[in-house]
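The residues making up each chain are set out below.
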Amino acid sequence: MERPRIVSILLMGILVWCCMATSANVDTKMIYKDSNQPYNVRIKDLIGRMTLEEKIGQMIQIERNVSSPEVMRKYFIGSLLSGGGNEPTPQASPKDWIDMVNEFQKGSLSSRLGIPMIYGIDAVHGHNNVYKATIFPHNIGLGATRDLELVNRIGVVTALEVRATGIHYVFAPCIAVCRDPRWGRCYESYSEDPKIVQDMTEIIPGLQGQIPSTYPKGVPFVGGMESVAACAKHYIGDGGTTKGINENNTVIDNKGLLSIHLPGYVSSIRKGVATVMISYSSLNGVKMHANYEMVTNFLKKNLRFKGFVISDWEGIDRITSPPHANYTYSIEASVNAGLDMIMLPYNYTEFIDGLTYLVKNNFVPMSRIDDAVKRILLVKFTMGLFENPLADERFVKQLGCEAHRELAREAVRKSLVLLKNGKSADAPLLPLPKKASNILVAGSHADNLGYQCGGWTIKWMGFSGNNLTTGTTILTAIKNTVDPTSKVVYNENPDAEFVKSGGFSYAIVVVGEHPYAETKGDNLNLTIPEPGPSTITNVCGTVKCVVVVVSGRPVVIQPYVASIEALVAAWLPGSEGQGVADVLFGDFGFTGKLSFTWFKTVDQLPMHVGDPHYDPLFPLGFGLTTQPAKA
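Since this is a predicted model, take the numbers as computed values, not measurements.

Side note on the overall build of the protein
Logical step 1: When helices and strands are counted, the protein shows 22 helices and 17 strands.
Logical step 2: Computed over its C-alpha atoms, the radius of gyration of the protein comes to 28 Å, within 12% of the 25 Å expected for a compact globule of 631 residues.
Logical step 3: Within the protein, the proportion of its 631 residues that are buried is 61%.
Logical step 4: Partitioning the contacts of the protein with sequence separation of at least 6, the portion at a separation of at least 24 is 76%.
Logical step 5: Treating the 59 positive side-chain charges of the protein as one cloud and the 59 negative ones as another, the clouds have centres 4 Å apart.

So this is what it looks like as structure tokens:
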């Protein structure tokens, strides 16, 4: 009779052991890896497992040059980036990029908790760092199109080309409202008009995917493997600095700040933008990288932004003058102000040591660290990085493909603004006849792909010449477009005698600014560099001419307007110069409208619609139109 009792006790013991084992399995199961769980549950589980060291690692973004898979694993680095011109190898292929990104990602995945990193890059007018990518017009040109649907499609295409290289995060769009063309970043701005800038945030659902109508406000949205996380920048007031000096102080009252510089952010947050980048500039004397009131109280609390806030490149260093003078203070001020991810991009061990000290000594509360990490993890979960951390080659054929170049060509056509057409409305010069015995093409920008793309192209400062990427120069486009019997003569800077003796039917002069970016583009005189003015004088004083200005902003043109028959603002059109010829020769009509006031003299600056002294050469919104020529 004892055997059943012994068996019963044994069975009970096995049952208890199984229950205990099951309970232990529940406890040890990594809930954050379960894609069926809500994001907040996964984040809570993961945060609960993380050490301070792991949390601080997530808050760091460093340059790929100072990283390795081992660095990613050892320091739990949350993000990598490629700065302007930083590529794995010269003329790297999409596969080269993918292999590089995946190697770093494998380092992250080999860490204790296997948290994937996010890789960021400046794709500000297409995937502009990458060889053979489609280069779109800079934002100033897109603002002239007023075409929201076009800008959305550009976002879609840019995301595909970025994904073609294994990258999933772009530092775009720039939604600065440039209030002074002397600013070196003015071409990164869609307009001086906040309403146009606000409209152009339609690029965000192009980059990130169309946000569902029921999606909660302020929560980041990234819709699948064909999309990328976007970044609204540079918060806030970067385009309003005194005299347009980059990284300077913006002096403005609350009404001006809210009506001019804020609307783009309201729309971006409504459209689910994943991240916001802070401006180098100051607001009424307070460095934005240390501005608790604007970052935490206004952006995070009032606007209910739930994504993560990222610094600009070495942005926290510049809280002090000189930069990096008191780095411990810079770390404390920026993190306590509400910055979540810090683009260092080099001195990561110094940052780790500094922030660790500040947390352990209660200068930075643990709640602030947790808030930052939760926001970073929310973006990573939203992007699907935990499920799909490694890139594959499914999109490589998208980079620079013909369909994307056709879209860029369309964008060029729609961005061109016709400022003058003939001596009178009754005698227009444009569209030009394709059939002409002798056509002169002149100017430094007619046959220079780098010049027509501008800064932030292949290299941070851009480049000169036709060898660093692929595209169509304006000269080549003209030759492609005219009748085969027409003779095209190219002389970069002809003297007057050459022009007189050439027997030219008409001339196309293409001149403008040389490439620049950021502070190096700050310019208090805004004159076209020589030999541009000489070329205009030599050519237009002798033969009927159309002058095409390639520039990142309005420039001094008034002294030459009387001698110019037709004048076109082409902005920085990018790789597809064929779009310029499409409109010059009447295959399409001119439709673009100025998104900036074109001044007479720099002494008028800054000048905007509604100012009592508003007396422009061409007002905001100006642009002549033409009809396509009959075949």
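Description of the sheet that holds strand 7 (residues 275-278)
Logical step 1: What the three strands build is an open sheet, ordered 5-7-10; its pairing is parallel. The outermost strands of the open sheet, each flanked by one partner alone, are strand 5 (231-235) and strand 10 (308-310). On average, each strand axis in the sheet is tilted by 25° relative to the strand beside it, whichever way the strands run.
Logical step 2: Of the strand pairs in this sheet, strand 5 and strand 7 are connected by three bridges, and their pairing is parallel. Within strand 7, the residue paired with Tyr235 across the bridge is Ile278.
Logical step 3: Of the strands in this sheet, strand 5 and strand 7 touch helix 11 (residues 263-270), which is tilted by about 155° from strand 5.

Some details on the domain arrangement of the protein
Logical step 1: Taken domain by domain, the protein consists of domain 1 (53-391) and domain 2 (404-618).
Logical step 2: A C-alpha centroid distance of 33 Å is found between domain 1 and domain 2.
Logical step 3: The partner domain 2 presents 53 residues to the 54 residues of domain 1 that form the contact.
Logical step 4: Summed over both partners, the interface of domain 1 with domain 2 buries about 4100 Å², with 58% contributed by carbon and sulfur atoms.
Logical step 5: The interface formed by domain 1 and domain 2 contains three salt bridges.
Logical step 6: With a closest N to O distance of 3.4 Å, Glu518 and Arg185 form a salt bridge.
Logical step 7: The tally of links from domain 1 across to domain 2 stands at 32 residue pairs in polar contact (both at pLDDT 80 or more).
Logical step 8: Counting residues per element, the ones that place at least two in the side of domain 1 that touches domain 2 are helix 6 (139-145) and helix 7 (148-163).
Logical step 9: Residue composition of the side of domain 1 that touches domain 2, grouped by class: 23 nonpolar, 16 polar and 15 charged.

Quick word on helix 13 (residues 327-337)
Residues spaced three or four apart along an α-helix point in a common direction, a consequence of the helix completing one turn every 3.6 residues.
Logical step 1: Among the residues of helix 13, those classed as buried are Tyr327, Ser330, Ile331, Ala333, Ser334, Val335 and Ala337.
Logical step 2: The inward-facing, buried residues of helix 13 abut helix 12 (292-302), strand 11 (342-343), helix 14 (348-360) and helix 15 (366-383).

Examining the sheet that holds strand 17 (residues 566-571)
Logical step 1: Taken in spatial order, the six strands of this open sheet run 12-17-16-15-13-14, and their pairing is mixed. At either end of the open sheet lies a strand with only one pairing partner, and these are strand 12 (417-421) and strand 14 (487-491). Going from strand to strand, the sheet's axes swing by 20° on average, the running direction of each strand aside.
Logical step 2: Direction of pairing for strand 13 (residues 438-442) relative to strand 14: parallel, over a ladder of five bridges. Residue pairing in the sheet places Asn438 in a bridge with Lys487 of strand 14.
Logical step 3: Running at roughly 170° to strand 14, helix 18 (residues 474-481) makes contact with strand 13, strand 14, strand 15 (506-512) and strand 16 (545-550) of the sheet.
Logical step 4: Against the sheet, helix 20 (residues 532-540) contacts strand 13, strand 15 and strand 16, and its axis sits at roughly 170° relative to strand 15.

Some details on the packing of aromatic side chains
Logical step 1: Scanning the model with the defined rule gives 15 aromatic pairs in all.
Logical step 2: Taking 6.0 Å as the distance between ring centres and 40° as the angle between the ring planes, the aromatic pair formed by Phe498 and Phe504 counts as tilted.
Logical step 3: Accessibility expressed as a relative area gives 12% for Phe504, which makes it buried.
Logical step 4: Judged by centre distance (5.3 Å) and plane angle (25°), the rings of Phe618 and Phe622 are stacked.
Logical step 5: Among the aromatic residues, those joined into a cluster by ring pairs are Tyr32, Tyr39, Phe381 and Phe386.
Logical step 6: Positioned above the aromatic ring of Tyr280 is the side chain of Arg318, whose terminal nitrogen or guanidinium carbon lies 4.1 Å from the ring centre.
Logical step 7: Here the guanidinium or amino end of Arg413 rests over the ring plane of Phe588, the centre of that ring lying 3.7 Å away.

Thoughts on the packing of helix 2 (residues 39-49) against helix 15
Logical step 1: Running from N to C, helix 2 and helix 15 cross one another at 130°; their axes reach a closest spacing of 10 Å. With respect to each other, helix 2 and helix 15 are oriented oblique. Relative to helix 15, the crossing made by helix 2 is right-handed. Residues Tyr39, Arg42, Ile43, Leu46 and Ile47 of helix 2 form the contact with helix 15, whose participating residues are Asp370, Val373, Lys374, Leu377, Leu378, Phe381 and Thr382.
Logical step 2: Tallied by class, residues from the contact of helix 2 with helix 15 come to eight nonpolar, one polar and three charged.

Some thoughts on empty space enclosed by the protein
Logical step 1: Following the criterion strictly, the structure yields six cavities of 30 Å³ or more and no others.
Logical step 2: Contributing to the lining of the largest cavity are 17 residues, with Ala123, Val124, His125, Asn139 and Ile203 lying nearest its centre.
Logical step 3: Of all elements in the fold, only helix 6, helix 7 and helix 9 (203-208) reach the threshold of two or more residues within the lining of the largest cavity.
Logical step 4: Counted by class, the lining of the largest cavity contains twelve nonpolar, four polar and one charged residues.
Logical step 5: As for the second largest cavity, its lining consists of Arg163, Gly166, His168, Met225, Asn388, Pro389, Leu390, Ala391, Asp392 and Phe395.

Here's the deal with a positive patch on the surface
Logical step 1: Among the surface-exposed residues, Lys217, Arg270, Arg304 and Lys306 lie close enough to one another that they form a single positively charged patch.
Logical step 2: Judged by relative accessible area, which is 34%, Lys306 ranks as partly exposed.

Re the UniProt feature "domain: Glycoside hydrolase family 3 C-terminal" (unreviewed entry) in the protein
Logical step 1: What UniProt calls "domain: Glycoside hydrolase family 3 C-terminal" (unreviewed entry) maps, in this numbering, to residues 416-625.
Logical step 2: Taken end to end, residues 416-625 is 19% helix and 16% strand, and its two terminal C-alpha atoms sit 10 Å from one another.

Examining the layout of surface pockets
Logical step 1: Computed from the structure, the largest pocket encloses a volume of approximately 300 Å³.
Logical step 2: Along the walls of the largest pocket sit 20 residues, with Tyr280, Trp313, Trp456, Trp460 and Glu518 positioned nearest its centre.
Logical step 3: For the lining of the largest pocket, the per-class residue count stands at eight nonpolar, four polar and eight charged.
Logical step 4: Residue-level mapping places the lining of the largest pocket at the junction of two domains, with at least three residues from each of domain 1 (53-391) and domain 2 (404-618).
Logical step 5: Estimated volume of the second largest pocket: approximately 160 Å³.
Logical step 6: If you go around the second largest pocket, the residues you meet are Arg179, Asp180, Gly240, Thr241, Lys243, Thr250, Val251, Ile252, Ile260, His261, Pro606 and His608.

So, how was this worked out
- Residues numbered from 1 in each chain as written.
- Predicted model: local features only at pLDDT ≥ 70, side-chain atom pairs only at ≥ 80, totals over all residues.
- Heavy atoms only, no water.
- Helix = DSSP H or I, 4+ residues; strand = E, 2+ residues; numbered from the N terminus.
- Rg over C-alpha atoms; globule rule 2.2 N^0.38 Å.
- Buried < 20%, exposed > 50% of the residue type's maximum accessible area, 1.4 Å probe, protein only.
- Contact = heavy atoms within 4.5 Å.
- Lys, Arg positive; Asp, Glu negative; His and termini not counted.
- Charge placed at Lys NZ, Arg CZ, Asp CG, Glu CD.
- Pairing = 2+ DSSP bridges.
- Axes fitted to C-alpha atoms, helices over the stretch in contact; angles between N-to-C directions.
- Domains from an automatic or database assignment.
- Buried area = accessible area lost by both parts, 1.4 Å probe.
- Salt bridge = Lys/Arg side-chain N within 4 Å of Asp/Glu carboxyl O.
- Polar contact = N/O pair within 3.5 Å; in protein donor to acceptor, adjacent residues only side chain to side chain.
- Nonpolar A, V, L, I, M, F, W, Y, C, P; charged D, E, K, R; others polar.
- Phe/Tyr/Trp six-rings, centres within 6.5 Å; stacked < 30°, edge-to-face > 60°.
- Lys NZ or Arg CZ within 6 Å of the ring centre and 35° of its normal.
- Parallel < 35°, antiparallel > 145°, perpendicular 65-115°, else oblique.
- Left-handed = near helix turned anticlockwise from the far one by under 90°.
- 1 Å grid on protein atoms, 1.4 Å probe; cavity = no way out; pocket = protein on both sides within 12 Å on 5 of 7 lines; lining within 4 Å.
- Points joined across faces, edges and corners; volume = space filled by probe spheres on them.
- Patch = residues over 30% accessible without salt bridge, like charges linked within 9 Å, V, L, I, M, F, W, Y side chains within 5 Å.
- Areas by Shrake-Rupley, 256 points an atom, 1.4 Å probe, with all protein chains shown as cover.
- UniProt positions renumbered as here; feature names shortened; annotations may be inferred.

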